[in-house]
Amino acid sequence: MAKIPFTVSARTARLIGQENFSNVEGAIIELVKNCYDADATVALVIFDVIYEGIPNELDSESYEKLLSENSILEKSYTAQEDIYVLNKLKKPLAEELSSFFSKKNSLYIIDNGEGMTDTTILQKWMKIGTDNKLVDFRSNDGRIKTGAKGLGRFALDRLGEISNLKTLPKEHKTGYDWSMNWLQFEEQDKTLTDINADLDEIPHLDFEKEILNTFPDIDEIADVVKNPDYDFSKGTIIKISNLRDEWDITSLQKLFKSLEALIPPKELGVFNIFQFLLQNPQDFGEVSGHYFNNFEYKVEAKYIADELKIELVIHRNELDVERLEKEFSDVFKLIDSPDPYNLASLKKEQFKITKDITKVLKWRKEDSEKLLKSVGDFDFNFYFTKIGKPSADDFKSYPYLDNDYPTITKSFDKFGGIKIYRDYFRVRPYGEPGDDWLDLGKRQASSPASAGQRIGDWRVRAKQIAGVIDISRISNPELRDKSDRSSLIENTAFETFKKIVVGIISEFEYDRSRILHPFYLKRKKETEKRKKEELRKQAEELAQEIIAEKERNTDNKNPKSNVDSENSLQDTADIIEKKLTEQSEEKENSEEKEESEKDVELRLMRSLASLGLIVASFDHELKSISNNLEPRLRYLEKHLKTIIPKEKVAQLPDNKNPFKLISHIKVDHEKLKGWIDYSLSSIKTDKRKRKNLNFGKYFEQFKKNWKFVLQERNVELVLSGNSSKGNTIRAFEIDMDSIFNNLLTNSLEAFKLRREKYQRKIEITWSSSASSVEIFYSDNGIGLSEVFVDPDEIFEPFVTTKRDKRGNVIGTGLGMYVVKNVVEDYNGDVAINLPNQGFGVVLTFNKRKTDG
């Protein structure tokens, strides 16, 4: 059999290459990255823009010269005295003319890297899709090479039609001149092997002199080339002619900004970039990263994957410590303020902590270890500022430093966002304006509390944070680029990476809210005191009016009446003040509670109400299906016996025996019927009425409702208590369902996580006293996860350890929150009481004064 090879058309190879560069900026950035991979310490991007788009006027000499090259000018310009003025053009003609003028411009990419030998050009540069950088991923100076796909040379094609490359290898005297006409790829019926480039030797090439001769009289370029910090004894000059795109001042400024963000801030940088425009060399110059000298928080974080931990160094620069000592010396006494949340720690300006990432994310280690390690090590440095100067009241209540907020805001507007750098080069589009890839805006909207109002509730806004995440091809192989370099592939490693980054940010958020909380309490206390004084003044004024009115109606000559008046004034003022205070506090407390819980409660109630409506709307249909299924199965079995004797199929395995299959369906039907009956009974009207609820009777029915699920999961539910009237409270039955259904479903999940053979058991024990009913609920499942440092965290909204295999949250995080809220609505109490194995809570309900 003949072996026949594939051939690749020139056009196909070109399309594959060009797909890697979605825009012209990306193509230039790819070539700058090649400079870095060549161990260059500096790269120059130089534009020779003779025409910024289509010129509106041409002098006679220029017109005649251009007309000799392209007759299209005759249709496009009209002579007016000694100049030619542009006509109003239709779109096709305008596009053709624009392309003509763009091709008059040129672009140079120059570096002082190692250069290329003729062997390198032949075996690597001319080999499309080479795996050179994938296998040999370290440069001679130890840099991790940024390229890996072997398609970078097609960036030249994306930028212009003609490319010329002059290169002098390190420690060589002979250079090489490589030139390529990319229009060859457009010729019909050509295969890749039909495409050729030209390669010539350049004996005794003086590389530095070659650059200076190329740009004579451009002092700005000469200053860089002659700078003793940059060795231009070797390197590469690429000239791209017949440019495919228009370049005006706006597009050049946009490129300069992209190059600014291409390399990290100078404190991390090892590579310098310059951009010049030959027509006006002073316009641009050195492309510099940015120092965030002004900030209110700086966090240096290191994620160590193998150890599943994060190391944090937190720098605080938000509070004036001297002013804090003078004016707020007692503030940390309002709450327990251990290190590092006290005055002593603030004086140090920074502190270091190490945390287990599973505790930060609330992930079970046994379920997430592999996923968390797949991300690999990375560094994350970020800065925070409030953006905008605080109000005078805020400066009075908090000892803020009076920072240079206009300068800070300007810096954050330009360099804000969380950017990703791989081996010192930017991975786009992360951190670009408007790209909130970590969904910080959504987090902040879901928890809009001010910093310090409640510890741990504050969320940073996307515009208040700027940072750099440093990843590497070596340390983070699972964080891979998409083929078009537009972003990273959104695989499980990337999703986990995002969660770790947000987890690191949450540690900073907790620190800031914890530090500011005492100041919030002090401000609140002072506000309450001021309000109280105002109320007292109002009360006295009102009392004065009342007494004055009373005195006008009594005998003012009676001396006793004056004493009575004074006593009456005081008593009346006290009564009025008490009433006004009660009204004010009641309003304030209700508004604060409503503000903090309204959103959560509304969302929860809407969800539950919608579920109830859906179930209720199918009440009749569900009952009909359930009622019809059993007799149909009975008739099916009866008629089947008349066709197939039962004995005839008795020897068949269960999965092929029709009678066995019918019996399995019957069992499933019983389970389904149980669930339907339970679902419909849960939304019955009588469950939504307050009545005397006896826990003994309630738990017996509760056990029946869950019978089929418990049997299916091999769970034993043990009830221990009595059914006397002493166990009765006045309650809505649906509220008790909310409590114990949530507890039981959590137990079922905990049983699955305890991966061993054992008797699964849930115990509910209740007892009563003269004033209350106490219920102890426990299971022998996996128990409370070690990620909870404080067990009471499980009562906070949206806190859950339930995750799928990708690490995504699958639990609502509302189960135990609902339990606590319902119990507290009955003026009861819920407390965690952990057994030796498993999970347990004690619920206390206050009884009615009588059971009647």
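So, here's what we can say about the structure. Everything quoted here is computed from the prediction, not taken from an experiment.

It is worth spelling out the overall build of the protein at this point. Secondary structure summary: the protein contains 26 helices and 25 strands in total. When contacts within the protein are restricted to residue pairs at least 6 apart in sequence, those whose partners lie at least 24 apart make up 74%. Carbon and sulfur atoms provide 49% of the accessible area of the protein, an area that totals close to 45,700 Å².

Here we take up the sheet that holds strand β3 (residues 77-80). What the three strands build is an open sheet, ordered β2-β4-β3; its pairing is antiparallel. Each having just a single partner strand, β2 (57-59) and β3 make up the two edges of the open sheet. When the angles between neighbouring strand axes are averaged without regard to direction, this sheet yields 30 degrees. Taken together, the four bridges between β3 and strand β4 (residues 83-86) define a ladder with antiparallel strand orientation. Looking across to β4, one finds that Tyr77 is bridged to Leu86. Helix α3 (residues 60-69) contacts β2, β3 and β4 of the sheet and is inclined by roughly 95 degrees relative to β2.

The next point concerns a negative patch on the surface. A cluster of acidic residues, Asp59, Glu61, Glu81 and Asp82, forms a negative patch at the surface. Along the polypeptide, Glu61 turns up in helix α3. A residue is classified by how much of its surface remains accessible, and Glu61, at 68% relative accessible area, is exposed.

Moving on: the pattern of salt bridges. On inspection of all chains with the given rule, the structure shows 35 salt bridges. The salt bridge partner of Lys166 is Glu210, with a shortest N-O separation of 2.9 Å. Of this pair, Lys166 sits in strand β6 (residues 160-168) while Glu210 sits in helix α9 (residues 207-214), placing them 44 residues apart in sequence. Salt bridges sharing partners connect three or more residues here, namely Glu25, Lys254, Arg426, Arg428 and Glu432.

Membership of the largest hydrophobic core comes to 60 residues, with the highest contact counts inside it found for Tyr303, Phe378, Phe380, Ile469 and Phe497. Only β12 (297-304), β13 (309-316), α14 (357-361), α15 (365-374), β15 (378-384), β16 (417-422), β18 (465-471) and α19 (492-552) provide two or more residues apiece to this core. Among the elements that take part in this core, α19 stands out by supplying 13 residues, more than any other. Residues contacting Phe378, with those up to four places away along its chain left out, are Ala301, Lys302, Tyr303, Ile469, Asp470, Ile471, Asn476, Phe497, Ile500, Val501 and Ile504. Grouped together as the second largest cluster of nonpolar side chains are 47 residues, Ala155, Tyr176, Trp182 and Ile240 included.

Okay, the sheet that holds β6 next. Strand order in this open sheet of eight strands is β8-β7-β6-β9-β5-β1-β10-β11, and the pairing throughout is mixed. Each having just a single partner strand, β8 (198-202) and β11 (285-287) make up the two edges of the open sheet. Across the sheet, the axes of successive neighbouring strands diverge by a mean angle of 15 degrees, strand direction being ignored. Bridge count for strand β1 (residues 42-48) against strand β10 (residues 272-277) is six bridges, and the pairing is parallel. Each residue of the ladder has a partner; that of Ile46, found in β10, is Phe276.

What follows deals with unusual backbone geometry. In the segment running from Asp339 into Pro340, the intervening peptide bond is cis, with an omega of 10 degrees. Of the consecutive residues Arg428 and Pro429, the connecting peptide bond is found in the cis state with omega at 10 degrees. Tracing the chain through its elements places Pro429 in the loop between β17 (425-427) and α18 (440-446). Even without a glycine there, the phi angle at Asp39 is positive, about 65 degrees. Along the chain, Asp39 falls in the loop between α2 (24-37) and β1. Backbone geometry at Lys362 places phi at a positive 60 degrees, although glycine is not the residue there.

Relative to the assigned elements, Ser163 resides in strand β6. Here the side chain of Ser163 touches Trp182 through a polar contact of 2.8 Å, side chain to side chain. When near neighbours in sequence (up to four residues on either side) are disregarded, Ser163 contacts Leu156, Trp178, Ser179, Met180, Trp182 and Lys239.

If you trace the backbone, Asp470 turns up in strand β18. Residue classification places Asp470 among the partly exposed residues on the basis of a relative accessible area of 24%. With residues up to four places along the chain from it excluded, the contact list for Asp470 reads Phe378, Asp379, Tyr421, Asp423 and Tyr424.

With respect to the element layout, Ser241 can be found in strand β9 (residues 235-243). The class of Ser241 is buried, set by a relative accessible area of 15%. In this structure, Ser241 is in contact with Asn105, Ser106, Gly160, Glu161 and Ile162, ignoring residues within four places of it in sequence.

The rules behind the values
- Residues numbered from 1 in each chain as written.
- Predicted model: local features only at pLDDT ≥ 70, side-chain atom pairs only at ≥ 80, totals over all residues.
- Heavy atoms only, no water.
- Helix = DSSP H or I, 4+ residues; strand = E, 2+ residues; numbered from the N terminus.
- Contact = heavy atoms within 4.5 Å.
- Areas by Shrake-Rupley, 256 points an atom, 1.4 Å probe, with all protein chains shown as cover.
- Pairing = 2+ DSSP bridges.
- Axes fitted to C-alpha atoms, helices over the stretch in contact; angles between N-to-C directions.
- Patch = residues over 30% accessible without salt bridge, like charges linked within 9 Å, V, L, I, M, F, W, Y side chains within 5 Å.
- Salt bridge = Lys/Arg side-chain N within 4 Å of Asp/Glu carboxyl O.
- Lys, Arg positive; Asp, Glu negative; His and termini not counted.
- Charge placed at Lys NZ, Arg CZ, Asp CG, Glu CD.
- Buried < 20%, exposed > 50% of the residue type's maximum accessible area, 1.4 Å probe, protein only.
- Core = buried A, V, L, I, M, F, W, Y, C linked by side-chain atoms within 4.5 Å.
- Polar contact = N/O pair within 3.5 Å; in protein donor to acceptor, adjacent residues only side chain to side chain.

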